[in-house]
Amino acid sequence: MVKNGSSLDKLICTKCGKGYLATEIKRMCDCGKVLFPVYNLEKAKETLSKNTMNKRRYNIWRMTEIMPVKDPTFYYSLGEGWTPILHLKNLGEELGLKNLFLKDEGLNPTGTFKSRGLCAAVSKAIELGVKEFVIPSAGNAGAALSAYAARAGRKAHVFVPKDAPELTIKEIRAMGADLVLVDGLITDAGKLAKEESEKHGWFDVSTLKEPYRVEGKKTMGLELAEQFDWSLPDVIIYPTGGGTGIVGMWKAFKELEQLGMIEGPFPRMISVQSSGCAPIIKAFREGKEHAEYWENANTIAAGLRVPAAIGDYLILKAIRESKGTAIDVSDVQIKASMVNLAKKEGIMACPEAAATVASLEKLIETGFLGSKDKIVLFSTGSGLTTPNQW
Ligand SMILES: *Cc1c(COP(=O)(O)O)cnc(C)c1O
Ligand SMILES: [Zn+2]
């Protein structure tokens, strides 16, 4: 273990720029928009550089200087992070892509990358004195919160749509969380969770409605830079729901650049959604800053069934700043891609992850991807978490 510590400085609103103390519990800006933790990067530089990496532990706290928890006794870890990047040689050959890679987030605890964000959020919230948690979730985030709350000996209240994947529902129950099945979508679960949170004083860890989940997701970007020897790929393809992953990685790249650890240009960020729920894709095509609510959202990729995202403007900004794009794929294409990925590469990914594979053909057709581009697909979860979806 290296001695360094977090250089967390304050919280800043991503919309109006208002600053807040990071020593107090503050979920969102008074203007209603998303708060980001900001670090004293000059101070972080004193101990954090490419040369100081080899002595550190391989988990999400690896770059402690730019992670929010100050006191390591509050790291409630289950072995999350440092997932492998696999070269997809067989699938790449089929598609004519020489440098096609996949980051396998299915190897995280609870089987999805949600564990990164909830690990960071639960740890930081407990450091700040939080006792009890609540979350609305399509399933995976609820399972991850339940796991970290159990690990920390705290109570979690989880609101999920009643048609969420069956295994995830069992998992949440097994972890001892208080589970409420909601007749509706994640946005309906969100309304209920908010009411209960206000009534009982539970801490609501909804996507981007508190400042620290994004810091856990940010570690995917930190790892990508390090695993590719500090030279980022040309393209990142990411299945987008609430958007913390894409937004977190974009934040990671900017911080690493300011720390002098990487240089631009940054990867083109591609957001993939299902045609049954594609609010971000529509807003991107229409040149809008915010996305409209998506009516009758329906897809087998539960994590992508997010009809409205609080961080829509941040997702769209990352896509545009990076010269990326946004693309939707059908559930039929998603299912076919799940099978194809499993057969060609031995990776059983969840439908959300398969959506990134499904997007490749169209992106090649339109000329957005070149045969030599270094491309990373984010496989956000294991197919074993969603047996009733395939
Ligand atoms: C939540 C989830 C997503 C969407 O992630 P965001 O970062 O919120 O956009 C994608 N895949 C899986 C498996 C998920 O659980
Ligand atoms: Zn604000």
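Note that the structure is a prediction, hence the values are computed from the model and not measured. (Residues numbered from 1 in each chain as written. Chains lettered and ligands numbered in written order. Predicted model: local features only at pLDDT ≥ 70, side-chain atom pairs only at ≥ 80, totals over all residues. Heavy atoms only, no water.)

(A) A look at the overall build of the protein. Helix and strand counts for the protein come out as twelve helices and 13 strands. Taking 2.2 N^0.38 as the reference for a compact globule, 390 residues should give roughly 21 Å; the C-alpha atoms of the protein span a radius of gyration of 19 Å, in line with that estimate. Referenced to the eigenvectors of the C-alpha coordinate spread, the extents of the protein come out at roughly 50 × 50 × 40 Å. The proportion of buried residues among the 390 residues of the protein is 60%. Across the protein, every contact between residues at least 6 apart in sequence was considered, and the portion connecting residues at least 24 apart equals 71%. Approximately 15200 Å² of the protein is accessible, and the part contributed by carbon and sulfur atoms is 51%. Computing the positive centroid from 51 side-chain charges and the negative centroid from 46, the protein places the two 2 Å apart. (Helix = DSSP H or I, 4+ residues; strand = E, 2+ residues; numbered from the N terminus. Rg over C-alpha atoms; globule rule 2.2 N^0.38 Å. Buried < 20%, exposed > 50% of the residue type's maximum accessible area, 1.4 Å probe, protein only. Contact = heavy atoms within 4.5 Å. Areas by Shrake-Rupley, 256 points an atom, 1.4 Å probe, with all protein chains shown as cover. Lys, Arg positive; Asp, Glu negative; His and termini not counted. Charge placed at Lys NZ, Arg CZ, Asp CG, Glu CD.)

(B) Quick look at the pairing of strand β11 (residues 268-274). Most of β11 is tucked away, with six of its seven residues classed as buried. Handedness of the strand β10 (residues 235-239)-helix α8 (residues 244-258)-β11 crossover: right-handed. Of the strand pairs in this sheet, β11 and strand β12 (residues 325-329) are connected by five bridges, and their pairing is parallel. Residue Gln273 lies in a different strand from β12, and its bridge partner there is Asp328. (Right-handed = clockwise from strand over helix to strand, strands pointing away. Pairing = 2+ DSSP bridges.)

(C) Up close: the packing of aromatic side chains. Tallied over the full model, the rule gives nine aromatic pairs. Each ring, one from Phe101 and one from Phe228, has its centre 5.3 Å from the other, and the planes form 80 degrees; the classification is edge-to-face. Here the residue Phe101 occupies a position in strand β5 (residues 99-104), and Phe228 occupies one in the loop between α7 (213-227) and β10, the gap between them amounting to 127 residues. By relative accessible area, which is 14% here, Phe101 ends up buried. On the accessibility criterion, Phe228 (11% relative accessible area) is buried. Taken together, the aromatic side chains of Phe113, Tyr238 and Phe378 make up a single cluster linked through ring pairs. Sitting over the ring of Tyr58, Arg62 keeps its end group 4.2 Å from the ring centre. Geometry around Phe36 places Lys251 over its ring, the cationic atom sitting 5.5 Å from the centre. (Phe/Tyr/Trp six-rings, centres within 6.5 Å; stacked < 30°, edge-to-face > 60°. Lys NZ or Arg CZ within 6 Å of the ring centre and 35° of its normal.)

(D) Just the pattern of salt bridges, in detail. Scanning the model with the defined rule gives 30 salt bridges in all. For Lys282, the salt bridge is made with Glu292, and the minimal N-O distance between the two is 3.4 Å. Residue Lys282 is found in helix α9 (residues 279-285), and its partner Glu292 is found in the loop between α9 and α10 (312-321); the two are separated by ten residues along the sequence. The exposure class of Lys282 is partly exposed, given its relative accessible area of 31%. Here Glu292 falls in the partly exposed class, since its relative accessible area comes to 45%. Because the salt bridges share partners, they merge into one network encompassing Lys103, Glu105, Arg116 and Glu223. (Salt bridge = Lys/Arg side-chain N within 4 Å of Asp/Glu carboxyl O.)

(E) A look at the environment of Leu86. As for its placement among the helices and strands, Leu86 is situated in strand β4 (residues 85-87). Sequence-wise, Leu86 and Leu102 are 16 residues apart; in three dimensions their C-alpha atoms are separated by 5.2 Å. Apart from the residues lying within four places of it in its own chain, the contact partners of Leu86 are Leu100, Phe101, Leu102, Asp104 and Ile347.

(F) Fine view of the domain arrangement of the protein. Each assigned domain of the protein is listed with its residue range as follows: domain 1 (85-112 + 211-389) and domain 2 (114-204). Distance between the C-alpha centres of domain 1 and domain 2: 24 Å. At the junction of the two partners, domain 1 supplies 28 residues and domain 2 supplies 28 residues. By the criterion of area lost to domain 2, the three top residues of domain 1 are Thr110, Arg213 and Arg305, representing 29% of everything that side buries. Applying the counting rule to domain 1 against domain 2 returns seven residue pairs in polar contact (both at pLDDT 80 or more). It is α7 that contributes the most residues to the side of domain 1 that touches domain 2, six residues altogether. (Domains from an automatic or database assignment. Buried area = accessible area lost by both parts, 1.4 Å probe. Polar contact = N/O pair within 3.5 Å; in protein donor to acceptor, adjacent residues only side chain to side chain.)

(G) Broad picture of the sheet that holds strand β6 (residues 132-136). An order of β8-β7-β6-β9 is seen for the four strands of this open sheet, with the pairing classed as parallel. The sheet terminates laterally at β8 (178-182) and β9 (203-204), the two strands that pair on one side only. Along the sheet face, helix α4 (residues 140-152) touches β6 and β7 (155-161) and points at about 170 degrees away from the line of β7. (Axes fitted to C-alpha atoms, helices over the stretch in contact; angles between N-to-C directions.)

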